[in-house]
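Each chain is listed here by its residues.
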2 protein chains.
Amino acid sequence: MVKELIDAAMKRTPCDLLFKGGRVPNLFTMEYEEIDVAVKNGVIVGMGSGYEATEIIECAGKALVPGFIEGHMHVESTNMVPRNLAAVLSPLGTTTVMPDPHEIANTCGMEGVRFMERESRDLPIDFYYGAPSCVPATSYETPREPLDAKDIKTLLDEGTCAHLGEMMNFPGVINCDENTLAKLEASKGKVITGHAPGVIGEELSAYIIAGPSSDHECFMAEGALEKLRRGMYVMIRQGFTARNLSTLAPLVKDNPYVCTRCMAVSDDLAPEFIAERGHLNGCMKELMAEGIRPLAALRMVTLTPAEYFGLGDRGAIAPGRIADIVMLDSVEECNVLKVWKRGKLVAENGSLVEPITPPVISKKLPGVGVMPKMPSPDDLKVKAPAGDAMMNVIGTVSEQVLTRTLTMEPTVSEGYVVADAARGIAKMAVVEKNQGTGRTAIGFIKGFGLVKGAIASSVAHDAHNFSCVGMDDVSMSTAFAALAKIGGGLVVALGDEVLAEVEYPVGGLMSVRPIDEILKESEKLKAAREELGCTNGSAFMQLAFMSLSVIPELKLTDQGYFDILNGGPKPLFVK
Amino acid sequence: MVKELIDAAMKRTPCDLLFKGGRVPNLFTMEYEEIDVAVKNGVIVGMGSGYEATEIIECAGKALVPGFIEGHMHVESTNMVPRNLAAVLSPLGTTTVMPDPHEIANTCGMEGVRFMERESRDLPIDFYYGAPSCVPATSYETPREPLDAKDIKTLLDEGTCAHLGEMMNFPGVINCDENTLAKLEASKGKVITGHAPGVIGEELSAYIIAGPSSDHECFMAEGALEKLRRGMYVMIRQGFTARNLSTLAPLVKDNPYVCTRCMAVSDDLAPEFIAERGHLNGCMKELMAEGIRPLAALRMVTLTPAEYFGLGDRGAIAPGRIADIVMLDSVEECNVLKVWKRGKLVAENGSLVEPITPPVISKKLPGVGVMPKMPSPDDLKVKAPAGDAMMNVIGTVSEQVLTRTLTMEPTVSEGYVVADAARGIAKMAVVEKNQGTGRTAIGFIKGFGLVKGAIASSVAHDAHNFSCVGMDDVSMSTAFAALAKIGGGLVVALGDEVLAEVEYPVGGLMSVRPIDEILKESEKLKAAREELGCTNGSAFMQLAFMSLSVIPELKLTDQGYFDILNGGPKPLFVK
């Protein structure tokens, strides 16, 4: 009731909370104020002296800042369900996130997106989901069901989603692909977020004209500057897999206006990355370490994302805005002491004040439960080609998600092409499980670092079918079978024995466990992986990108090899 | 069709226009670019080299800036109908205005507002009307019909209005007046513009909580800074009747961020003021003369108002935005050379390229046509009070719209209280015509500068009933009768002769004539006024505010004297 708020603002009735004596950065004028802040019914109602309140919070020597707002991330890549993620991010000062649920949209379709939104209610963090704009990423990947313009409109109209998620299909946009333009048209009037790596010049103009108004794929200062100049908001990404912060920081440092058009985002956050670095609080520290002024860094994770997403009810400590307030030792140090969500203390000294109810995940989550038949060792055999044919091999690049296309002589044993540890070649297989066909594609990969056994995963961007890299067919078959049994996850197998496994029952992407247990499981997995002689610390992460048909050069999906640069399939063998 | 725009952006098809070699201020990064600008179908589609176009515009040595956006004004106070006003403002570089039609809403109700919107279509300026939030201004004024929350919602829903017009009733807001809060509630999700003179501290917080997010009534730097800090946009007003620019300019000059939260607006523009000073082009010159950096001044009349009103399609020269482009000699000099609206050249060297079709104003405009019976000289007589009663007199303040309350001895002649030139006292009368009752209130006014005869006007804020100041009852009766005959306007009368008159047939507020004729009529009126010995150059302007029941101290409406400070009626005579 606005009347209750006005009465409290006018001091006719006492407030609920009074933050006394704190140092409050003002993000409109970019200066500090020493001012009391009064809160009623979860809303900031007054700033100044003379307020009475049920609870007084002494803030002398502390800074009070708005709750942090994450402009772009994927919940699924944290391997946590929303409520477990909220339990981790809330004590770090995050109060609002804008997730794009396109991973679960691939594995579970519309119901997956709705599930995420439902699971995100009544938490100390507000989740505003983007409608997944590119499911599937390309027609060479197989999602549970493709999402078309009508689906996008449904998600936006029914309130499941608040904006359009990253429009990755920039070739589709600039080439006027009908379905792609229809999705943008369906999102008219909503914020349309972009994804435009390396897109500049006339292509950038064409892309902007179609609707996207931000980009989180800037990896060069020059390209980011061009996007800013053309009116885009730039999301400076600092995540687990891609880190652009130090490259782009000079843009913000050298021009006071840029912090009003740039935000800092995470994109992909792995549990160990959060545990080590924090979330936007860590990001702020990194921005300041690059020489960005503290208030500019703060604006980039508060008011600027609020403005971009049209959320006039947050992003600043000001009358009428919700009381998402973070107490820091100082903006400069950025250590989160306490966090209030809508005026309720939710975290203190890095811990939640009240635990969040654990997730109740139904077995009926679409896409999980009914599994196709997994391949037997025989199904994974590759007959040697006649004559002296060469074979195409995915060439991994250390610590990178992109690959090279290699042409190598096959290693043949008993009439079959096999993995060859001596030459660094492993076999890779992908089994389609989203639609339950069990279609299996097989290829070879070099430089993965495996000596024996197999590792398999249900995290395989963007369609997230089951993928496996192994040195022998029995280990691979064991790994696939284990994956199917646990409904998705990560598996390490040797021969017919499963050495370690982690369950991701939620869409094959997320655990139901909290971060501590996930980190422990991760340790076990690491030990098992090392037992296989695999020294590649990023093995699972790298495997997750070996099917992604939008990052060059050669990838393997359930439909076979896909050659990104030529935009088409590629055979295993070449004459 | 977005496809046509994308094809032009990608250079697959030629553009319509190419602006070559201009200096283009970039308002996102606040720097200049030397860059070509390509336009297709009225939209900016490309920036850079290599574009082909049907028409090349050489811009070497010139600056190209976005069309100017007026954040707050009243069309009615220019005495021109929208299309005649557009003819004047378009050559000055204005391409978008946000008028609040509350004057015509008072005299003609909902139909008046709809009339304004209809009359504003297909012009070289886009008009986005605010729904009038305060009709009547107070219950002591008599409009055609009061506008309630339902009416506001109707105007917004049907698209007649785009935002809520200035919420002047701040006492109603902070005191939780039900109808006032209902109007704000009805505007939820739309921009709510404010009007909060001198409102600070807890009252400001309460006001902001209720919805208003901007203010154009800042007259002190300190108050404006407080509003900025609390998250409001500040509209720096520089109009005919109120000028705050030099007082507020230091705020913008001393802090680079403030130009992103401040705009420059006009509020009231008189024809002679436009003729002399220009519009936002003149405003920019004045901002720069105060030491504000040219690009900051430019942002205040382009990108900042566009951002505030959520118009992502304009406010900058950038791909995807409409081609509202102004060619200046330079931003520093700010002389408007040419103006394009949606890619069409509409003005050049101060003149329209094609004349705008003259207005066709129906006689059926509501509120105009059926007039009550006007008072006879006898009706205007004031019987002298018994005994030695004193009388309340409106005390004018030179060049101001506020007044003082004077208590004076009445001048009595033949049993009636009369005007007295020797003592500087004139009679004032207001006749209710909006509802056609003809109710007449009479008072006295000091310092108006009239020696003989009478002047009458149908411009009398905010209700705009007929008002007249005169030295004898016959002149006053003549003036009222003339006013009724012409359906509203301005009249100068002496005895039974009309010395000069100007017709405002449109709601009693606007002429159907173009600015040149209005200025000529204004000269005739001036000559007639001087014939009456009236040296007060602001006589008609001052008269227009003598009924306004929201500016202190004493005013006369059709309901009688109204004492603003005490918020109630006041008798003519005091014991």
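Look up: the structure comes first, before these words.
Okay, so let's go over this structure. (Residues numbered from 1 in each chain as written. Chains lettered and ligands numbered in written order. Predicted model: local features only at pLDDT ≥ 70, side-chain atom pairs only at ≥ 80, totals over all residues. Heavy atoms only, no water.)

When helices and strands are counted, chain A shows 16 helices and 35 strands. In terms of overall dimensions, chain A is globule-like: its C-alpha atoms have a radius of gyration of 25 Å, near the 25 Å expected for 575 residues. For chain A, the spread of C-alpha atoms along the three principal axes comes to 90 × 50 × 45 Å. For chain A, with 575 residues in total, the buried portion stands at 63%. Relative to all contacts within chain A whose residues are 6 or more apart in sequence, the contacts with residues 24 or more apart total 67%. Of the roughly 20200 Å² of accessible surface on chain A, 50% is carried by carbon and sulfur atoms. (Helix = DSSP H or I, 4+ residues; strand = E, 2+ residues; numbered from the N terminus. Rg over C-alpha atoms; globule rule 2.2 N^0.38 Å. Buried < 20%, exposed > 50% of the residue type's maximum accessible area, 1.4 Å probe, protein only. Contact = heavy atoms within 4.5 Å. Areas by Shrake-Rupley, 256 points an atom, 1.4 Å probe, with all protein chains shown as cover.)

Attention now goes to the nonpolar core. If you look at soluble globular proteins, the nonpolar side chains tend to sit buried side by side. Ranked by size, the top nonpolar core spans 130 residues in total, and within it Leu89(A), Met428(A), Phe444(A) and Ile455(A) carry the most contacts. Listed in part, the 128 residues of the second largest apolar core include Val417(B), Ile455(B), Met476(B) and Met546(B). (Core = buried A, V, L, I, M, F, W, Y, C linked by side-chain atoms within 4.5 Å.)

Here the focus is the state of the cysteines. Taken as a whole and judged by the stated rule, the model has 0 disulfides over all chains. Between Cys218(A), a cysteine without a disulfide, and Cys262(A), which holds the nearest cysteine sulfur, the sulfur-to-sulfur distance is 7.9 Å. Accessibility expressed as a relative area gives 3% for Cys218(A), which makes it buried. The thiol of Cys108(B) is not disulfide-bonded; the next cysteine sulfur, from Cys161(B), is found 14 Å away. For Cys108(B), a relative accessible area of 3% corresponds to the buried category. (Disulfide = S-S within 2.5 Å.)

In this section: the relation of the copies chain A and chain B. Laying chain A over chain B is done by rotating through 180 degrees and shifting 0.0 Å along the axis; what remains is an RMSD of 0.0 Å. The transformation just described matches what one would write down for a two-fold rotation axis. In this assembly, 100% of the residues forming the interface of chain A have copies in chain B that are likewise at the interface, indicating an isologous arrangement. (Least-squares fit on C-alpha atoms with pLDDT ≥ 70 in both.)

Turning to the pattern of salt bridges, a few remarks are in order. Pairing between side chains becomes possible if they bear opposite charge and their charged atoms approach one another. Residues and elements named next belong to chain A. For the structure shown, the criterion picks out 70 salt bridges over all chains. Ionic pairing is found between Glu117 and Arg121, a salt bridge with its closest N-O pair at 2.7 Å. A salt bridge links Lys227 to Asp215; the shortest N-O distance between them is 2.9 Å. In this pair, Lys227 sits in helix H8 (residues 221-229) while Asp215 sits in strand S14 (residues 214-215), placing the two residues 12 residues apart along the sequence. Exposure class is identical for Lys227 and Asp215. Each is buried. Within this structure, Asp126, Asp313, Arg314, Asp324, Lys341 and Arg342 form a network of salt bridges that share partners. (Salt bridge = Lys/Arg side-chain N within 4 Å of Asp/Glu carboxyl O.)

All names here are of chain B. Strand order in this open sheet of 3 strands is S32-S33-S34, and the pairing throughout is antiparallel. Unpaired on one side and paired on the other, strand S32 (554-557) and strand S34 (568-570) mark the two borders of the sheet. With strand direction ignored, the average angle separating the axes of adjacent strands in the sheet is 45 degrees. Relative to S34, strand S33 (residues 560-563) is paired through 3 bridges, and the arrangement is antiparallel. Bridge pairing in S34 places Tyr561 opposite Lys570. (Pairing = 2+ DSSP bridges. Axes fitted to C-alpha atoms, helices over the stretch in contact; angles between N-to-C directions.)

Now for the sheet that holds strand S8 (residues 68-73) of chain B. All names here are of chain B. Taken in spatial order, the 3 strands make up an open sheet running S8-S9-S10, and their pairing is parallel. This sheet does not close on itself; its edge strands, each paired only once, are S8 and strand S10 (126-127). The pairing of S8 with strand S9 (residues 94-99) spans 4 bridges and is classified as parallel. The residue bridging Met73 from the neighbouring strand is Pro99, located in S9.

This brings us to the side chain of Asn244(B). Residues and elements named next belong to chain B. Relative to the helices and strands, Asn244 resides in the loop between strand S15 (233-237) and helix H9 (245-253). Asn244 gets classed as buried once you look at its relative accessible area, which sits at 7%. Discounting residues that sit within four places of it in the chain, Asn244 has contacts with His216, Cys218, Phe219, Ile236, Arg237 and Gln238.

Residue and element names in this part refer to chain A. Summarising burial for helix H2 (residues 82-89): 7 of the 8 residues are buried, a large majority. Taken as a whole, H2 has its buried residues at Pro82, Arg83, Asn84, Leu85, Ala86, Val88 and Leu89. Residues of H2 that are buried in the fold lie against strand S8 (68-73), strand S9 (94-99), helix H3 (102-119), strand S10 (126-127), helix H10 (271-277) and helix H15 (515-531).

At the interface, 50 residues of chain A touch 50 residues of chain B. Summed over both sides, the interface between chain A and chain B buries roughly 4200 Å², with carbon and sulfur atoms accounting for 60% of that surface. Three residues stand out in chain A for area buried against chain B, namely Ile209(A), Arg230(A) and Tyr257(A), and they jointly supply 18% of the buried area on that side. At the surface where chain A touches chain B, the tally comes to 10 salt bridges. Here Glu33(B) makes a salt bridge to Arg230(A), at a shortest N to O gap of 2.9 Å. Elements with a contribution of two residues or more to the side of chain A that touches chain B: helix H1 (2-9), strand S3 (31-34), strand S5 (43-47), helix H5 (170-174), helix H7 (201-210) and H8 of chain A. No other element matches the 7 residues that H7(A) contributes to the side of chain A that touches chain B. Residue classes in the side of chain A that touches chain B are distributed as 27 nonpolar, 9 polar and 14 charged. (Buried area = accessible area lost by both parts, 1.4 Å probe. Nonpolar A, V, L, I, M, F, W, Y, C, P; charged D, E, K, R; others polar.)

Take the pairing of strand S17 (residues 325-328) of chain B next. Residues and elements named next belong to chain B. Burial along S17 is two-sided: Ile325 and Met327 and Val326 and Leu328, pointing in opposite directions, are all buried. Relative to S17, strand S7 (residues 63-66) runs antiparallel, the two being bridged by 4 bridges. Across the sheet, residue Ala63 finds its bridge partner in S17, namely Leu328.

Aromatic ring pairs are described here by two measures, namely the spacing of the ring centres and the angle between the planes. Residue and element names in this part refer to chain A. For the structure on display, the rule yields 12 aromatic pairs over all chains. Ring plane angle 15 degrees and centroid distance 6.1 Å describe the contact between Phe127 and Tyr129, whose orientation is recorded as stacked. The class for Phe127 is buried, based on a relative accessible area of 12%. In this structure, Arg261 is placed above the aromatic ring of Tyr233, and the distance from its NZ or CZ to the ring centre is 4.1 Å. (Phe/Tyr/Trp six-rings, centres within 6.5 Å; stacked < 30°, edge-to-face > 60°. Lys NZ or Arg CZ within 6 Å of the ring centre and 35° of its normal.)

Next up on the list: a negative patch on the surface. Residue and element names in this part refer to chain A. On the surface, Glu272, Glu276, Glu523 and Glu530 cluster together into a patch of negative charge. Those elements that place two or more of their residues in the negative patch are H10 and H15. Here Glu272 is to be found in helix H10. (Patch = residues over 30% accessible without salt bridge, like charges linked within 9 Å, V, L, I, M, F, W, Y side chains within 5 Å. Lys, Arg positive; Asp, Glu negative; His and termini not counted. Charge placed at Lys NZ, Arg CZ, Asp CG, Glu CD.)

Residue and element names in this part refer to chain A. If you trace the backbone, Gly48 turns up in the loop between S5 and strand S6 (53-58). Relative accessible area serves as the criterion here: at 17%, Gly48 is assigned to the buried category. Not counting chain neighbours up to four residues away, the residues in contact with Gly48 comprise Ile35 and Asp36.

In this chain, Val135(B) is followed by Pro136(B) through a cis amide linkage whose omega measures 0 degrees. Along the chain, Pro136(B) falls in the loop between strand S11 (130-131) and helix H4 (149-157). Going from His461(B) to Asp462(B), the amide bond is cis rather than trans, its omega being -15 degrees. Mapped onto the elements, Asp462(B) comes out in the loop between strand S28 (454-457) and strand S29 (466-470). Backbone geometry at His464(A) places phi at a positive 60 degrees, although glycine is not the residue there.

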